[in-house]
Amino acid sequence: MIFGIRNRFHTRIFIFVVLLVVLVVAFITGRNILNIHDSLSRQYRKTLIDGTQLVGLRMNGLLNRWETKITLFSHVLLRAPQEMRSHLIDSFIKSEAGVVAVQIIQLAEEPVILASGMTDPGLTLDTVGLSEVMKTADNSIQHHPTDPSLGVFMRTIAVEDGTDPVGVLLYFKLKALIQDNQPSDSVEIYLLNHDFYDILQQRSYGDLIKQNKFAALTQSRMKRKGSSGYLGELSMDGERVFVAFHQLPAYPLYVLVHLNGSAIENAILSFIIEMLQWTVLFVLCAILCARWITSNLLQNLRELHAATQRAVAGNFGQLIRVRSRDEIGELAASFNIMSNKLVELLTREREKTRLSQALSTAQTVQNTFFKDTRIRNGRLNITSFYKPASECGGDWWGRFSLSHGKELILIGDATGHGVPAALVTAMAYTAAHTHIQRIREGGHSEDDPAQIMRMINRMLHNTFSGSYCMTFLSMVVDSRKGCLIFSNGGHPFPVIMPAHADDNRLMPNGKFPFRFLIQKRKSSNILGIDSETEYFNESCELRDGDKILLYTDGLTEAADSRGRQWGNRNMQMFLKKHARCDPQQLCDELIREVMRFNAQQDHFADDLTVVIVAHEKEAA
């Protein structure tokens, strides 16, 4: 017994899954633990370098700010009256944290104090000694000669009137340089000058770390590495210390940061322990999941077996021998039921045959909706092409002769294809015949194609409540009056192709020998969306030799093997080349062009309908 599970097939599955999970997790954890340690060490060293750079940049920013401010301040002070200078210096000292005194002197052979101020009257200001240093350097930072906690920031400034330059001595607390970067138990900050002397602790770096050899090596590496970098590991008081540096760009100062290695090791160890804890938790969860999965899986198999046994319950065909008593044996016994399932398969095949015959009948009925592919009424010559995507299509077009030389042409595209779309087209077909009957009875106008749009829209919406809809275009073509009237409900725009390139109905540039008939009024919804949608009539002059192209979106959405659609651009390029062809040739060339582009040639993903109406010239 293992976890209360019987020693059968599912027990073996459970043990196998558990062992596999444990071995995989142990292998991955053991293999990667050293890599994780090295990776985290490199990441901490990179963080140490970035942190050292941040400390240096903050110090450099503070010194740059002081340099800018004392430059501007000295110019303002020199222009101010003598009695205001002390007040200005006191205000400046109070505005800068860490600044304790400011002196402005004229750097002549004998230095002349122009103004000074301090927070502590007992503070010693070494004017003469420091002025000599300022004569040789524009910017410099020195220790205070008597107070080791203070530093002196010196700046030499040229005077505009050509007299001796002015020197500014800014006395500050050395700790002000690191006030935003206070050291911690694991981090120590050193600020070294070019002599490798720590100006914060007033001792050489070698004396501070008690390892002159490492100090010399560090100094050499700093000169080679440039402005910042990692210097290596140092052993201090039995602990590993990681060292990085950053050189202040405008000042002869180096920032060295010591990071106690035990902090890094503790962080890495903590991470690894946490990872191992999660690993153990994962293994326990995997064990529980394995037990649950195997138990449920085999319980389902037993239930399936019992259900199939009840279904068979009698007439049974060929049997296979059951050679074991575990779940595999039970599955083998259930497999015998497949022989009886063949009967069900044959039944389904007969049902498919019956449905196929029904679809064939529906296709035959739907084919009666379509008129002949070539029709002539007076000077009107109509050519068409229709190709459904399946047995029953969602495209429909029809034409009805209103009088000699006058036709009502309808074209629509129901959403989707198959039986539901065919039902929508059947409703449109019925509504069209009802509309024609009312025209002949005098109840509807011949010249109002929008009227049938409204009728079909209400019928579809009342029947399907917006679940099924269709794009639709209704057009009246009158060769006697020389006009066409159309109404569009979300259908692709019809295209008119005049006989002459200079026809004023074309675009002014004459680039294309055709024009899309766009509805000028507000565009209308497709049919079946909203029963209250209003549909409008648009008219256009019809001239001798005109051809009108009507089509469904199956034409432009034909796609090649890479899924790219034929699109409006290719259709425009085709019409630009073939617009002068006769209607039948134009239709044939158009279909051949689309079939060449289509991935499956004569099998389209969507229904395809093309209708071309030609207004032929009057015979001489």
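All of the points below concern the structure found in this document. Computed from a prediction, not measured in an experiment: that's the story for all the values here. (Residues numbered from 1 in each chain as written. Predicted model: local features only at pLDDT ≥ 70, side-chain atom pairs only at ≥ 80, totals over all residues. Heavy atoms only, no water.)

1. Some words on the overall build of the protein chain
Counting its regular elements, the protein chain contains 12 helices and 22 strands. Scored against the burial criterion, the 620 residues of the protein chain give a buried share of 44%. Accessible area of the protein chain: about 33000 Å², with a carbon and sulfur share of 54%. (Helix = DSSP H or I, 4+ residues; strand = E, 2+ residues; numbered from the N terminus. Buried < 20%, exposed > 50% of the residue type's maximum accessible area, 1.4 Å probe, protein only. Areas by Shrake-Rupley, 256 points an atom, 1.4 Å probe, with all protein chains shown as cover.)

2. Some remarks on the pairing of strand 2 (residues 112-118)
Pairing of strand 1 (residues 99-106) with strand 2 involves 6 bridges; the strand directions are antiparallel. Paired with Gln 103 across the bridge in strand 2 is Ser 116. The hairpin turn running from strand 1 into strand 2, its antiparallel successor, is 5 residues long. (Pairing = 2+ DSSP bridges.)

3. Regarding the sheet that holds strand 17 (residues 483-489)
Read across the open sheet, the 5 strands follow the order 14-15-16-17-20; overall the sheet is antiparallel. Either end of the sheet is taken by a strand with one partner, and the two such strands are strand 14 (395-403) and strand 20 (538-541). Here the strands of the sheet are splayed against their neighbours by 15 degrees on average, with no regard to which way each runs. Here 8 bridges tie strand 14 to strand 15 (residues 406-414), and the two strands are oriented antiparallel to one another. Considered in strand 15, the bridge of Arg 399 is made with Ile 409. Its contacts with the sheet put helix 10 (residues 449-464) on strand 15, strand 16 (470-478) and strand 17, and the angle it makes with strand 16 is roughly 160 degrees. (Axes fitted to C-alpha atoms, helices over the stretch in contact; angles between N-to-C directions. Contact = heavy atoms within 4.5 Å.)

4. So, the pattern of salt bridges
By the definition in use, this model includes 20 salt bridges. When the shortest N-O distance is used, the salt bridge between Asp 478 and Arg 480 registers 3.8 Å. Judged by its relative accessible area of 55%, Arg 480 falls in the exposed class. (Salt bridge = Lys/Arg side-chain N within 4 Å of Asp/Glu carboxyl O.)

5. Comments concerning the packing of helix 9 (residues 419-440) against helix 10
For any two helices packed against each other, one specifies the crossing angle of their axes together with the interaxial distance. Contact geometry for helix 9 and helix 10: axes closest at 10 Å, N-to-C directions at 140 degrees. Comparing the axis directions of helix 9 and helix 10 gives the class oblique. Seen along the crossing, helix 9 lies across helix 10 with a hand that is right-handed. Between helix 9, through Leu 423, Val 424, Met 427, Ala 428, Ala 431, Ala 432, His 435 and Arg 438, and helix 10, the contact on the second element is made entirely by Gln 451, Ile 452, Met 455, Ile 456, Met 459, Leu 460, Thr 463 and Phe 464. (Parallel < 35°, antiparallel > 145°, perpendicular 65-115°, else oblique. Left-handed = near helix turned anticlockwise from the far one by under 90°.)

6. Re the state of the cysteines
For the structure on display, the rule yields 0 disulfides. Unpaired in this structure, Cys 540 has its nearest cysteine sulfur neighbour in Cys 483, at a distance of 9.4 Å. (Disulfide = S-S within 2.5 Å.)

7. Here we look at the side chain of Arg 155
Considering the arrangement of structural elements, one finds Arg 155 in strand 4 (residues 150-157). At 3.4 Å, the side chain of Arg 155 and the side chain of Thr 71 are in polar contact. (Polar contact = N/O pair within 3.5 Å; in protein donor to acceptor, adjacent residues only side chain to side chain.)

8. Topic: helix 2 (residues 82-95)
Its 14 residues give helix 2 an end-to-end C-alpha distance of 21 Å, which sits within 8% of 20 Å, the value for a rise of 1.5 Å per residue. Residues of helix 2 that are buried include every one of Arg 85, Ile 89, Phe 92 and Ile 93, and no others. The buried residues of helix 2 occupy one face: seen down the axis, they fall within an arc of 95 degrees. For helix 2, the exposed residues lying more than 90 degrees away from the buried face are Glu 83, His 87 and Lys 94. (Expected span 1.5 Å × (residues − 1). Arc of directions from axis to C-beta.)

9. Thoughts on helix 5 (residues 212-225)
Here helix 5 contains 14 residues, and its C-alpha end-to-end distance of 20 Å stays within 8% of the 20 Å for a straight helix at 1.5 Å per residue. Of the residues making up helix 5, those classed as buried are Phe 214, Ala 215, Thr 218 and Met 222. Considered in projection along helix 5, the buried side chains sweep an arc of 100 degrees and stay on one side of the axis. For helix 5, the exposed residues lying more than 90 degrees away from the buried face are Asn 212, Lys 213, Lys 223 and Arg 224. The elements touched by buried residues of helix 5 are helix 4 (205-209), strand 9 (228-236), strand 10 (239-247) and strand 11 (253-260). Of the residues flanking the end of helix 5, it is Gly 226, one or two places downstream, whose phi is positive at about 95 degrees.

10. Observations regarding the environment of Ile 591
On the secondary structure map, Ile 591 appears in helix 12 (residues 583-597). Residue classification places Ile 591 among the buried positions, given a relative accessible area of 7%. Sequence-wise, Ile 591 and Val 610 are 19 residues apart; in three dimensions their C-alpha atoms are separated by 8.6 Å. Beyond its immediate stretch of four places on either side in the chain, Ile 591 contacts Phe 385, Leu 608 and Val 610.

11. Let's talk about the packing of aromatic side chains
The full count for this structure, using the stated rule, is 10 aromatic pairs. With 4.8 Å between their ring centres and 20 degrees between their planes, Phe 73 and Phe 92 make a pair best called stacked. Separated by 19 residues along the polypeptide, Phe 73 in helix 1 (residues 9-79) and Phe 92 in helix 2 bring together distant segments of the chain. Classification of Phe 73 as buried rests on a relative accessible area of 11%. Both rings, one in Phe 196 and one in Tyr 205, keep their centres 5.5 Å apart while their planes meet at 85 degrees; by these two values the pair is edge-to-face. By relative accessible area, Tyr 205 is classed as buried at 0%. An aromatic cluster is defined as three or more aromatic residues linked by ring pairs; in this entry it consists of Tyr 190, Phe 196 and Tyr 205. (Phe/Tyr/Trp six-rings, centres within 6.5 Å; stacked < 30°, edge-to-face > 60°.)

12. Observations concerning the pairing of strand 16
Summarising burial for strand 16: 9 of the 9 residues are buried, a large majority. Residues of strand 16 alternate between two faces, with Met 470, Phe 472, Ser 474, Val 476 and Asp 478 on one and Thr 471, Leu 473, Met 475 and Val 477 on the opposite face, all of them buried. Relative to strand 16, strand 15 runs antiparallel, the two being bridged by 9 bridges. Among the inter-strand pairings, Ile 409 is bridged to a residue of strand 16, identified as Met 475. When strand 16 meets strand 17, the two strands line up antiparallel, connected through 6 bridges. By the bridge assignment for strand 17, Val 476 is matched with Ile 485. The turn linking strand 16 back onto strand 17 is made up of 4 residues, and Gly 482 within it adopts a positive phi angle of 70 degrees.

13. Overview of unusual backbone geometry
Most peptide bonds are trans, and most residues other than glycine sit at a negative phi. For Ser 465, which is not glycine, the phi dihedral falls at a positive 55 degrees. By secondary structure assignment, the location of Ser 465 is in the loop between helix 10 and strand 16.

14. Things to note about the sheet that holds strand 18 (residues 495-497)
With respect to topology, 6 strands assemble into an open sheet ordered 12-13-22-21-18-19, the strand pairing being antiparallel. Looking at strand neighbours, the two that pair on one side only are strand 12 (374-377) and strand 19 (515-516), the edges of this open sheet. Relative to strand 13 (residues 380-387), strand 12 runs antiparallel, the two sharing 4 bridges. If you follow Asn 377 over to strand 13, its bridge partner there is Leu 380. Contacting strand 18, strand 19 and strand 21 (547-551), helix 11 (residues 567-578) runs over the sheet at an angle of about 155 degrees to strand 21.

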